[in-house]
Amino acid sequence: MHLTALWQELLVSSTVGAAALSALAGGTLNGLFGRRICILIASFIFTAGGVVLGAAPNKEVLLVGRITVGLGIGIASMTVPVYLAEVSPPHLRGQLVTIYTLFITAGQFIASVVDGAFTYLHHNGWRYMLGLSIVPAVLQFFGFLFLPESPRWLLQKGLTQQARQVLSRIRGGQNIEKEYDRMRTNIEDEEKDAGGAHRILWRMLTRPPTRRALTIGCGLQMFQQLSGINTVMYYSATILQMAGVRDDKQAIWLASATAATNFLFTLVGVWLVERVGRRKLTLGSLIGTALSLTVLAIGFLLSAQHSPAVTLHPTDTSLNSTSCTLYGSCEPCMLDPDCGFCYRENSSTVYDSSCIPAKQTSPDEAAWGRCSNLSQVSDGSLWAYNYCPTSYSWIVLLGLILYLAFFAPGMGPMPWTVNSEIYPLWARSTGNACSAGVNWICNVLVSLTFLHVAEYLTYYGAFFLYSGLTVLGLLFVLGCLPETQGRRLEEMEALFSGNLCSCSASDWDGDGSRNILYNRVKGSDVLSDNDASDME
Ligand SMILES: O[C@H]1[C@H](O)[C@@H](O)[C@H](O)[C@@H](O)[C@H]1O
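Residues numbered from 1 in each chain as written. Predicted model: local features only at pLDDT ≥ 70, side-chain atom pairs only at ≥ 80, totals over all residues. Heavy atoms only, no water.

- The chain is annotated in an unreviewed UniProt entry as Proton myo-inositol cotransporter of Salmo trutta.
- Recorded in UniProt for the chain, the comment headed Subcellular location (unreviewed entry) runs: "Cell membrane".
- UniProt's Function (unreviewed entry) comment on the chain is quoted here verbatim: "H(+)-myo-inositol cotransporter. Can also transport related stereoisomers." (UniProt positions renumbered as here; feature names shortened; annotations may be inferred.)

See below:
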């Protein structure tokens, strides 16, 4: 479709932008129609979007398709964890909601394999890449026709008989009386008609426990994205090219390996979440993520400091008008989005190197000279766009693997898991809608700004920045995130009754659970920090 850079950016970011909006709107939809109907609506929207994408005759229709899919993603991303948390027994809740992220990463891996396979189909390969997303969407739609509504939502709507039946069904016929009574009492304690989403949000913000939960939930989602996961995923092909993989197709397949690593280490998270708890898992993950981002940054720093020099300058002075030919080494050349580095290599020594403008239609080749027609190159010239040949690539590769190994078990799934369980029922849809919205907004901010940040701060500067932001995330979690493992959803509000960041060691016993149990007094609406200690 000969997309300009603007259109490419638009097509990429429109999905994530639409997801942010619909995640925010998903709170109201969830309150009105329930979790099951929302997931069915999301699956239907995915299917419609997939059809539009696969059949798009032009870029405008493609954009409509991308926005449509984004609308589905936003609703699903906030509803599924809530649904899972509400139907799970407390001792399995963490594991089951973490499996949600496991399946996201599995989806990302399968999508990257499908994309890799269809790059070989030069004509219309992209239609299959995008259109095949209909398959999981249809499966999810029909699968969900057979699943029950969340018993908690049914109870909230006064559908007590149905709620009891569903609970008994999902507990496999066990005695559900205690669980059912606890749920009902708690829901009766809450105000029945909490009002529309904006009223609920206001109530959440004016009541200390929910304000604290919302701050923690949104903060976790923000720090998840600020630690740069989607930059790493998106640029893994470039990182791997730096690390010595020269062939584009091979780099695409290796990017699938990155997605596979993300998936495999999320599996470790599923295993760990009920063993070590959410708090320790998130803290450990943040420490490892910050350190591995530093390793990545050091790898980029050493590559920049030992960046190969430009040895050939064009003799034709009319070509000197481009800024590319003015650079003296590869580093500034590759940071300029208009230029690329053309060179030859003998073992690891770079020679015959020049900085040349990239083709405007596709930066895969140079606009002129030896690297302009790579399929016909006979002297072994290589073209590096967005990266520089370096002998420090192993550090970058090590950083990448360490990053995924630490991020995926903790910071990947925990923000979703924790958000699904920290809000009282009346605030759950709205709380999850806000935090999922924050996730998608930060996602679009980080991925859209990465190249610009790299242009101003260089690659190593960008990764040092993410590392610094991750350390901030670590301090935030250290001070503010209480352990929610094993708590009943009904107990959560009490857990958040203290000051925002009051998770001092004295409040916690050795296994990470809180010694003090608070009881809410029926009828007391506004629970101030002082009230909470009065009711111990
Ligand atoms: O938890 C998920 C997961 O870690 C994905 O790999 C990432 O792409 C998403 O942005 C994130 O929300």
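Now that the structure has been shown, we can carry on.
Concerning the domain arrangement of the chain
One widely used convention gives an interface's size as the accessible area the parts lose upon coming together.
Then, in step 1: The domain architecture assigned to the chain consists of domain 1 (5-147 + 194-300 + 393-480) and domain 2 (308-389).
Then, in step 2: Centre-to-centre, using C-alpha coordinates, domain 1 lies 35 Å away from domain 2.
Then, in step 3: Across the boundary between the two partners, domain 1 contributes ten residues, which contact twelve residues of domain 2.
Then, in step 4: Taking both sides of the interface into account, the surface hidden between domain 1 and domain 2 amounts to around 920 Å²; carbon and sulfur atoms contribute 55%.
Then, in step 5: If you look at where domain 1 meets domain 2, you find zero salt bridges.
Then, in step 6: Where domain 1 meets domain 2, there are one residue pair in polar contact (both at pLDDT 80 or more).
Then, in step 7: For the side of domain 1 that touches domain 2, the secondary-structure elements that each account for two or more residues are α13 (236-242) and α19 (425-480).
Then, in step 8: Here the side of domain 1 that touches domain 2 gets five residues from one element, more than from any other, and that element is α19.
Then, in step 9: Per-class residue counts for the side of domain 1 that touches domain 2 are four nonpolar, three polar and three charged. (Domains from an automatic or database assignment. Contact = heavy atoms within 4.5 Å. Buried area = accessible area lost by both parts, 1.4 Å probe. Salt bridge = Lys/Arg side-chain N within 4 Å of Asp/Glu carboxyl O. Polar contact = N/O pair within 3.5 Å; in protein donor to acceptor, adjacent residues only side chain to side chain. Helix = DSSP H or I, 4+ residues; strand = E, 2+ residues; numbered from the N terminus. Nonpolar A, V, L, I, M, F, W, Y, C, P; charged D, E, K, R; others polar.)

Some details on the packing of helix α8 (residues 160-170) against helix α9 (residues 177-189)
Then, in step 1: Packing of α8 against α9 leaves a shortest axis separation of 10 Å and a crossing angle of 140°. By the criterion of interaxial angle, the relationship of α8 to α9 is oblique. Every pair of crossing elements has a handedness; the one defined by α8 and α9 is right-handed. Taken together, the residues of α9 that come into contact with α8 (itself represented by Thr160, Ala163, Arg164 and Leu167) are Glu177, Glu179, Tyr180, Met183 and Arg184. (Axes fitted to C-alpha atoms, helices over the stretch in contact; angles between N-to-C directions. Parallel < 35°, antiparallel > 145°, perpendicular 65-115°, else oblique. Left-handed = near helix turned anticlockwise from the far one by under 90°.)

Here we look at the pattern of salt bridges
Then, in step 1: As enumerated under the stated definition, the model contains ten salt bridges in all.
Then, in step 2: Arginine 344 is the salt-bridge partner of aspartate 352, the closest N and O atoms lying 2.9 Å from each other.
Then, in step 3: According to the relative accessible area criterion, arginine 344 is partly exposed, its value standing at 22%.
Then, in step 4: The salt bridge involving lysine 359 is made with glutamate 365; its shortest N-O contact spans 2.7 Å.
Then, in step 5: Since its relative accessible area comes to 28%, lysine 359 is described here as partly exposed.
Then, in step 6: Here the residues in one salt-bridge network are Arg93, Glu274, Arg278 and Glu421, joined through shared partners. (Buried < 20%, exposed > 50% of the residue type's maximum accessible area, 1.4 Å probe, protein only.)

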